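So you can see what is in the structure, the chains are spelled out below.
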2 protein chains.
Amino acid sequence: MPGAGSIEAPGPVRTPQPFGERLAAAVAARESQIVLGIDPDPARLWRTAGRADQARPALAAALAAADDAARAAAGGVTPSPGAGAAVRFDAAAAVLAHCLALIDAAGPACVAIKPQLACFERLGFAGWLVLERACAHARDAGLLVLADGKRGDVPVTAAVYAQAFAGLGADAFTANPLLGRDALDPLVQGARSAGAGVFALVRTSNPGAADVLDLRLEDGSPLWEHLARMVADLGAGELADVGAVTGATAPEHLVRMRELMPRTPFLLPGVGAQGGDVADLAPAFAPGRAAGLVTASRSIANAGETSGTEPGPAARAEAERLRQTAWSLA
Amino acid sequence: MPGAGSIEAPGPVRTPQPFGERLAAAVAARESQIVLGIDPDPARLWRTAGRADQARPALAAALAAADDAARAAAGGVTPSPGAGAAVRFDAAAAVLAHCLALIDAAGPACVAIKPQLACFERLGFAGWLVLERACAHARDAGLLVLADGKRGDVPVTAAVYAQAFAGLGADAFTANPLLGRDALDPLVQGARSAGAGVFALVRTSNPGAADVLDLRLEDGSPLWEHLARMVADLGAGELADVGAVTGATAPEHLVRMRELMPRTPFLLPGVGAQGGDVADLAPAFAPGRAAGLVTASRSIANAGETSGTEPGPAARAEAERLRQTAWSLA
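Note that the coordinates shown come from a computational prediction; the quantities given were computed from them, not determined experimentally.

## A word on the nonpolar core
Next up, step 1: Ile-300 of chain A together with Ile-300 of chain B are the most contacted members of the largest nonpolar core, which has 236 residues in total.
Next up, step 2: In this structure Ile-300 of chain A touches Ile-34, Leu-36, Leu-102, Ala-106, Ala-315, Glu-318, Ala-319 and Leu-322 of chain A, once residues within four positions along its chain are discounted.

## As for the sheet that holds strand S2 (residues 112-115) of chain A
All names here are of chain A.
Next up, step 1: The sheet built from eight strands closes into a barrel, its strands ordered S1-S2-S3-S4-S5-S6-S7-S8 with parallel pairing. Neighbour-to-neighbour, the strand axes of this sheet turn through a mean angle of 30 degrees, independent of strand direction.
Next up, step 2: Bridging between strand S1 (residues 34-38) and strand S8 (residues 292-296) involves three bridges; their strand directions are parallel. The partner of Leu-36 across the bridge, within S8, is Ala-296.

## Some thoughts on the sheet that holds strand S8 (residues 292-296) of chain B
Next up, step 1: Pairing is parallel around the closed barrel formed by eight strands, whose spatial order is S1-S2-S3-S4-S5-S6-S7-S8 (chain B). Within this sheet the neighbouring strands show an average axis-to-axis angle of 30 degrees, counted without direction.

## A short note on the environment of Cys-119 of chain A
Next up, step 1: Within the secondary structure, Cys-119 of chain A is located in helix H4 (residues 117-121).
Next up, step 2: Judged by relative accessible area, which is 4%, Cys-119 of chain A ranks as buried.
Next up, step 3: A C-alpha to C-alpha distance of 8.5 Å links Cys-119 of chain A and Ile-38 of chain A, two positions 81 residues apart in sequence.
Next up, step 4: In this structure, Cys-119 of chain A is in contact with Asp-39 and Pro-40 of chain A together with Val-160 of chain B, ignoring residues within four places of it in sequence.

## Quick notes on the packing of helix H7 (residues 181-193) of chain B against helix H9 (residues 223-234) of chain B
Residues and elements named next belong to chain B.
Next up, step 1: At a minimum axis separation of 11 Å, H7 and H9 run at an interaxial angle of 35 degrees. The crossing of H7 and H9 is right-handed. Facing Arg-181, Leu-184, Asp-185, Val-188 and Arg-192 of H7, the residues of H9 in contact are Met-230, Asp-233 and Leu-234.
Next up, step 2: Its residues assigned to classes, the contact of H7 with H9 shows four nonpolar, no polar and four charged.

## Some thoughts on the relation of the copies chain A and chain B
Next up, step 1: By a simple turn and slide, chain A fits onto chain B: the slide is 0.0 Å along the axis, the RMSD is 0.0 Å, and the turn is 180 degrees. Read as a symmetry element, the transformation amounts to a two-fold axis.
Next up, step 2: Here 99% of the contact residues of chain A are again contact residues in chain B; the copies associate through an equivalent surface.

## Considerations on the pairing of strand S1 (residues 34-38) of chain B
Residue and element names in this part refer to chain B.
Next up, step 1: Extensive coverage of S1 is indicated by the burial of five of its five residues.
Next up, step 2: Here S1 runs beside strand S2 (residues 112-115); their pairing, made up of four bridges, is parallel. Counterpart to Val-35 in the pairing with S2 is Ala-112.

## Points about the pairing of strand S3 (residues 144-151) of chain A
All names here are of chain A.
Next up, step 1: In terms of burial, S3 is largely enclosed, as eight of its eight residues are buried.
Next up, step 2: Both faces of S3 are covered, namely the face carrying Leu-144, Leu-146, Asp-148 and Lys-150 and the face carrying Val-145, Ala-147, Gly-149 and Arg-151.
Next up, step 3: Alignment of S2 against S3, held across two bridges, turns out to be parallel. In the strand pairing of S3, Ala-112 is matched with Leu-144.
Next up, step 4: Sheet topology places S3 next to strand S4 (residues 172-175); three bridges connect them, and they run parallel. Across the sheet, residue Leu-146 finds its bridge partner in S4, namely Ala-172.
Next up, step 5: The handedness of the S3 to S4 crossover, carried by helix H6 (residues 155-167), is right-handed.

## Digging into the side chain of Thr-204 of chain B
Next up, step 1: With respect to the helices, strands and loops of the structure, Thr-204 of chain B is situated in the loop between strand S5 (197-203) and helix H8 (209-212).
Next up, step 2: Here the side chain of Thr-204 of chain B touches Asn-206 of chain B through a polar contact of 2.6 Å, side chain to side chain.
Next up, step 3: Aside from chain neighbours lying at most four places away, what touches Thr-204 of chain B is Leu-179 of chain A together with Ala-209, Leu-213 and Gly-247 of chain B.

## A look at the layout of surface pockets
Next up, step 1: By volume, the second largest pocket amounts to about 350 Å³.
Next up, step 2: Lining the second largest pocket are 20 residues, and of these Asp-39, Pro-40, Asp-41, Arg-122 and Arg-298 of chain A sit closest to its centre.
Next up, step 3: The set of elements that each furnish at least two residues to the lining of the second largest pocket consists of S1, helix H3 (85-106) and helix H11 (298-301) of chain A together with helix H6 (155-167) of chain B.
Next up, step 4: At four residues, H6 of chain B tops the list of elements feeding residues into the lining of the second largest pocket.
Next up, step 5: Of the residues that constitute the lining of the second largest pocket, the class distribution is eight nonpolar, seven polar and five charged.

## Regarding the environment of Trp-327 of chain A
Residue and element names in this part refer to chain A.
Next up, step 1: One can find Trp-327 in helix H13 (residues 311-327).
Next up, step 2: Note on Trp-327: relative accessible area 18%, which makes it buried.
Next up, step 3: The contacts of Trp-327, once residues within four sequence positions are left out, are Val-27, Glu-31, Ser-32, Gln-33 and Arg-289.

## Observations regarding the packing of H6 of chain A against helix H7 (residues 181-193) of chain A
Residue and element names in this part refer to chain A.
Next up, step 1: Where H6 contacts H7, the two axes come as close as 8 Å, and the packing angle between them is 25 degrees. Comparing their axes, H7 and H6 come out roughly parallel. Judged by the twist between their axes, the crossing of H6 over H7 is right-handed. Where H6 approaches H7, its residues Pro-155, Ala-158, Ala-159, Tyr-161 and Ala-162 are matched on the opposing element by Asp-182, Ala-183, Pro-186, Leu-187 and Gly-190.
Next up, step 2: Taken together, the residues that form the contact of H6 with H7 break down as eight nonpolar, one polar and one charged.

## Brief notes about the confidence of the model for chain A
Residue and element names in this part refer to chain A.
Next up, step 1: Within chain A, residue pLDDT values average 87, and 88% of them lie at 70 or more.
Next up, step 2: With pLDDT under 50 throughout, residues 1-9 is counted as low confidence; its partners more than four residues away or in other chains account for seven contacts.
Next up, step 3: Overall fold confidence (pTM) sits at 0.92, and the ipTM for the predicted complex is 0.91.

## A look at unusual backbone geometry
Next up, step 1: Phi at Glu-31 of chain A takes a positive value of approximately 50 degrees, unusual for a residue other than glycine.
Next up, step 2: Positionally, Glu-31 of chain A belongs in the loop between helix H1 (19-30) and S1.
Next up, step 3: In this structure Glu-31 of chain A comes out as partly exposed when scored by relative accessible area, which is 43%.
Next up, step 4: For Lys-150 of chain B, which is not a glycine, the phi torsion comes out positive at approximately 50 degrees.
Next up, step 5: Looking at where Lys-150 of chain B falls in the secondary structure, it is placed in strand S3 (residues 144-151).

What counts, and where the lines are drawn
- Residues numbered from 1 in each chain as written.
- Chains lettered and ligands numbered in written order.
- Predicted model: local features only at pLDDT ≥ 70, side-chain atom pairs only at ≥ 80, totals over all residues.
- Heavy atoms only, no water.
- Core = buried A, V, L, I, M, F, W, Y, C linked by side-chain atoms within 4.5 Å.
- Buried < 20%, exposed > 50% of the residue type's maximum accessible area, 1.4 Å probe, protein only.
- Contact = heavy atoms within 4.5 Å.
- Pairing = 2+ DSSP bridges.
- Helix = DSSP H or I, 4+ residues; strand = E, 2+ residues; numbered from the N terminus.
- Axes fitted to C-alpha atoms, helices over the stretch in contact; angles between N-to-C directions.
- Left-handed = near helix turned anticlockwise from the far one by under 90°.
- Nonpolar A, V, L, I, M, F, W, Y, C, P; charged D, E, K, R; others polar.
- Least-squares fit on C-alpha atoms with pLDDT ≥ 70 in both.
- Right-handed = clockwise from strand over helix to strand, strands pointing away.
- Polar contact = N/O pair within 3.5 Å; in protein donor to acceptor, adjacent residues only side chain to side chain.
- 1 Å grid on protein atoms, 1.4 Å probe; cavity = no way out; pocket = protein on both sides within 12 Å on 5 of 7 lines; lining within 4 Å.
- Points joined across faces, edges and corners; volume = space filled by probe spheres on them.
- Parallel < 35°, antiparallel > 145°, perpendicular 65-115°, else oblique.
- pLDDT = per-residue confidence, 0-100.

Given below as structure tokens:
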């Protein structure tokens with residue numbers, strides 16, 4: 001229902017459909033709660049050499065043109081190239097081919113992709129180019145894009161990050177709540193104005209999360225419960241447009257999280273390679289299937305290595321297995 | 001003293017000079033503790049139109065080549081371009097010319113630049129290209145590069161972020177400690193192996209920092225003191241290679257921070273446009289001038305708007321004023 005509720009906006013201004021509604025519709029239409037994590041490791045790429053070879057000359061041309069641009073902007077001075085720029089640029093061609101093949105193979109069993117921004121940033125500007133193209137490819141395939149950068153900064157900068165994710169065409173992005181409510185507000189407002197969502201960290205899946213997120217506050221409750229209340233308060237909509245990143249390696253917390261955040265979509269990383277089990281996640285799905293998104297990255301991309309078969313069909317089979325398991329829990 | 005203390009490393013392996021030593025040497029050599037924040041706003045760029053015009057065709061050629069590469073990697077399919085990609089690409093040429101002119105003008109009064117990554121990411125991959133070239137230009141001018149992205153993620157991803165900053169040639173980068181010690185370790189180890197440093201958030205300068213960072217723990221101390229102890233424990237060296245981001249808008253905290261982090265370099269944002277005053281910062285400099293780095297962004301870049309004069313000389317004068325004020329406090 002795009003535009004619903006926008007009676008106070010005269011003229012051509014159109015209120016985008018809220019993220020919670022878009023997410024619920026996408027999960028229902030695709031019959032999937034699986035989020036395909038895209039964390040390309042240059043050392044473990046699928047063998048898509050033919051396509052990478054075809055992409056490489058054009059990427060090299062882009063780098064050369066960028067050098068020319070930098071020289072012109074500097075008034076003729078030639079800046080030093082970044083350390084290892086050529087190597088990273090070469091790797092970018094292979095990563096791009098890998099990402100597109102992974103989306104083609106596993107995407108049909110998924111509702112969204114979750115590119116891990118670090119894995120693209122390590123390739124420098126060519127990596128951001130690959131990120132943009134992978135996101136565009138996923139959107140063309142009917143998938144949502146959840147950009148995983150865990151950003152957080154003072155309000156003036158947070159507003160700029162929201163612009164960056166709008167430029168990327170992200171349907172949602174992850175955020176770090178350490179800087180407080182006024183630092184989350186510009187991220188939420190920026191996302192909301194584009195019909196996008198924010199997933200804020202509440203309890204992560206790494207062992208060290210106990211060092212800070214589990215700290216007891218004066219009233220005896222852990223810090224993550226305080227963050228959970230902040231997230232619940234920030235979201236709007238029947239299914240809220242502000243979600244929570246809730247590590248699946250601590251399923252005993254999920255019941256309490258659902259109490260504190262009854263309308264909040266949970267992004268559940270840690271399934272597969274990080275040790276979580278889909279069957280432990282049932283409390284996340286209590287308000288409806290779209291309230292529990294299950295992320296898997298390496299377990300899908302590397303399924304062919306595990307089984308000794310072709311990576312594409314193996315990835316599709318593993319994503320489909322996860323899809324059916326999660327779908328059967330709700 | 002590069003290589004000092006590396007007697008256990010036989011053969012050609014060379015231990016890089018630790019960041020704390022490099023920072024102290026740079027501050028002494030340049031007689032400056034000023035960090036030039038680079039937060040380019042496309043709406044407030046310096047008038048460097050000539051250089052931007054010269055850079056634009058080459059940037060456009062880079063974009064076209066990138067399109068070709070994406071098509072090849074997709075096996076002939078043309079992905080949709082990102083929303084507003086052409087507009088952002090056009091802005092990137094102007095931002096690049098602005099950044100290089102700002103570094104040329106104010107750099108001589110500074111010891112480092114601190115590019116705000118959000119401001120480059122909002123321009124998409126062309127923005128990362130501009131970021132890389134601006135960092136290279138600063139290094140060529142003898143400035144350190146402190147990349148301000150406030151990254152933080154689970155350990156496997158944190159290690160990738162460390163690689164990304166090494167690829168950027170950053171001398172240090174900012175980090176968010178919410179995910180705990182095991183998530184900071186790969187950032188610190190990755191930086192240390194390259195002779196670089198990490199500045200972790202301890203107490204930020206926004207009002208909302210009170211929402212989380214000032215929360216009282218069971219023992220009555222605020223959360224930021226817990227983070228301060230973690231930062232002090234992580235650092236190595238006479239001047240530590242793990243620093244702290246300590247908002248200058250709360251100078252009453254600086255004495256306590258120095259008690260908790262006696263060897264830690266402080267990165268002090270919030271001077272100028274955010275309301276801080278350099279003269280309040282004396283406790284930061286107690287262990288030595290390099291232990292207190294003073295960041296200013298908009299107050300330098302926009303000094304010409306304030307005074308109605310040319311932006312370059314006005315920026316240089318403001319940076320020099322800050323340099324002298326800070327230098328006189330130690």
